[in-house]
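Structural features, examined
Take a look at the letters that make up each chain.
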Amino acid sequence: MPESEVKPQVELKYAELKPFPDWCKIFGKTCELFLEIGIGNGEFVEWLGKNHPEKCFLGVEVNRLYFKKAVNRIKKADLNNVKLLHAEGSKVLCKLFAPSTLSGLYLNFPDPWVKKKQKKRRLVNEFFPWLLQSRLKVGGFFLMVTDYQPYAEEVIEFFSKCKAFVPLWDSRPIKNEFPNYYHTKYARKWLSQGLPLFYVGFKKVKHLEIPEEVLNYYPILRLEGDEALPAVVIKVPQKVSLSEITFPEGVVWRDKNLVVKILEVFKGKNSILLDILVSEGSLLQRFFVVIATHPDGLIVKVHDSELPDPTKGVHTAISILAAEVLKSFPQAKVVQNQCKSSVFNNVLKSFQIQPELRKAP
Ligand SMILES: C[S@@+](CC[C@H](N)C(=O)[O-])C[C@H]1O[C@@H](n2cnc3c(N)ncnc32)[C@H](O)[C@@H]1O
């Protein structure tokens, strides 16, 4: 097939993207960038791509089934200015858009989570406008449509509190009609029942520092570039067996913003695999850690099957498991350590292990 006929790749992979990737390179052109979170079947992002060939659009979706449908739709439409990502929207904003690079965000019928208990699952909450303003360019917009008035009102309240934004339409942040805006499946359903829609819009007018509590809520924001995943190599006495190490199951760490849980431990002859859950702020990461033999002794590292973002919580989890190994073998010493030293030392102290005494000379 001649090069000009090679179809552009529609689907991107979150794990393969470095922080703040070069979007011009990914789209193959210099472009204004827009994001849609929760694309569903992809009909809206397809409409955007067709109607604005000079602009570039990234669509993200957490539901794998919808995501596949959307990928097929965009492939069929043969658009080179639309890319799709199976990922959670706030993670994408934190990791993949450098400050002041995004021109607009579309949210069509975000899940309203109407039950009181589930409300905290809403994508747009008190923290979200702060995250979004940091990624938008001055002049960039937030545009949301919903059928659920209480959500629309709450979103207006949150955005109004973040002084980076002003209402989008002549000082009004809400309207019921938006001519020429594409009606997705959900819009068609509500309109056919004679129900009103609520369009909410804000524009970024200035850039603000991200407050500490927002950084805690979105821990990926604290990553500095393409950080490596933590690993620890421990020199152990020659005649040790992995079966001598015991691990508790359940919650093994809890502080105000972080919980680490060992879900399950699988012991093999030459390695141990641990199923780990880390919850920090709004971020939940599940991954495997492997403890295996290494030329220098034992290595504790994240298993390649599911790579988490290397947040403080992931450093804490690796430090805890390394501490368990050190606790099992009093003569063992750390020979290589890629955990953040403040995190590692803090964990070791909580195990009553003195970090200085367990470091190989
Ligand atoms: C009610 S549907 C609306 C779909 C589409 N926007 C439309 O109007 O037809 C909400 C969609 O958002 C997706 N979604 C919800 N929260 C998300 C998040 N945090 N990141 C990415 N997608 C999300 C859901 O899986 C679902 O497909």
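Overview of the structure. (Residues numbered from 1 in each chain as written. Predicted model: local features only at pLDDT ≥ 70, side-chain atom pairs only at ≥ 80, totals over all residues.)

1. What about the site of the ligand?
To keep things clear, this is the line we draw: Think of it this way: take the backbone, place a C-beta atom on it, and check whether that atom is within 6 Å of the molecule or strand, in which case the residue is near it. Numbering of helices and strands runs from the N terminus, with a helix taken as a DSSP run of H or I at least four residues long and a strand as a DSSP run of E at least two residues long. Classes in brief: Ala, Val, Leu, Ile, Met, Phe, Trp, Tyr, Cys and Pro nonpolar; Asp, Glu, Lys and Arg charged; the others, Gly included, polar.
Close contacts around the ligand come from 19 residues, with Gly38, Gly40, Asn63, Gly89 and Thr184 the closest. Of all elements in the fold, only β3 (55–61) and α7 (185–192) reach the threshold of two or more residues within the shell around the ligand. When the residues that make up the shell around the ligand are grouped by side-chain class, the tally is nine nonpolar, six polar and four charged.

2. Some thoughts on helix α4 (residues 89–96)
Put simply, the rule reads: Partly exposed residues are those whose C-beta has more than 12 but fewer than 20 other C-beta atoms within 10 Å; 20 or more makes a residue buried and 12 or fewer makes it exposed, with C-beta atoms placed from the backbone. The contact criterion used is a C-beta to C-beta distance within 7 Å, with each C-beta placed from the backbone.
The element α4 is largely enclosed, with a buried count of six among its eight residues. Residues of α4 that are buried: Gly89, Ser90, Leu93, Cys94, Lys95 and Leu96. Turning to α4, the residues buried within the fold contact β2 (32–37), β3 and α5 (128–135).

3. Some thoughts on the sheet that holds strand β13 (residues 271–280)
Working definition: the strands of a sheet are paired by backbone hydrogen bonds and lie parallel or antiparallel to each other. Here is the rule we go by: Pairing between strands is defined by DSSP: at least two bridges between them are needed. Note on method: axes are straight lines fitted to C-alpha atoms, helices fitted across the in-contact stretch only, with angles between N-to-C directions ranging 0 to 180 degrees.
The strand order β11-β12-β13-β14-β15-β10-β16 describes an open sheet built from seven strands, whose pairing is antiparallel. Across the chains shown, the open sheet's two edge strands, defined by having one partner strand only, are β11 (250–255) and β16 (333–337). Averaged over neighbouring strand pairs, the angle between their axes works out to 20° when direction is ignored. As paired elements, β11 and strand β12 (residues 258–267) share five bridges and run antiparallel to each other. Residue pairing in the sheet places Gly250 in a bridge with Ile262 of β12.

4. What to know about the environment of Gly281
Tracing the backbone shows Gly281 in the loop between β13 and β14 (283–294). On the basis of neighbour count, Gly281 is assigned to the buried category, with 21 C-beta atoms found within 10 Å. Taking the C-alpha atoms as reference points, Gly281 and Pro219, 62 residues apart in sequence, are found 6.7 Å from one another.

5. Structural notes on the pairing of strand β15 (residues 297–302)
Of all six residues in β15, six are buried; the element is thus mostly enclosed. Where strand β10 (residues 231–235) lies against β15, four bridges are found, and the strand directions are antiparallel. Paired with Val233 across the bridge in β15 is Ile299. Hairpin connection from β14 to β15: two residues lie between these consecutive antiparallel strands.

6. Section: the packing of helix α2 (residues 43–51) against helix α3 (residues 64–77)
Rules: Roughly parallel means an angle under 35 degrees; roughly antiparallel, over 145; roughly perpendicular, 65 to 115; everything else is oblique. Crossings are classed by handedness, with left-handed meaning an anticlockwise turn of the near helix from the far one by less than a right angle and right-handed meaning a clockwise turn.
Running from N to C, α2 and α3 point in directions that differ by 25°, and their axes come no closer than 9 Å. Regarding the angle of α2 to α3, the classification is roughly parallel. As for the relative orientation of α2 and α3, their crossing is right-handed in sense. In this structure, α2 contributes Glu43, Glu46 and Lys50 to the contact, and α3 contributes Arg73, Ile74 and Ala77. Here the contact of α2 with α3 is built from residues that sort into two nonpolar, no polar and four charged.

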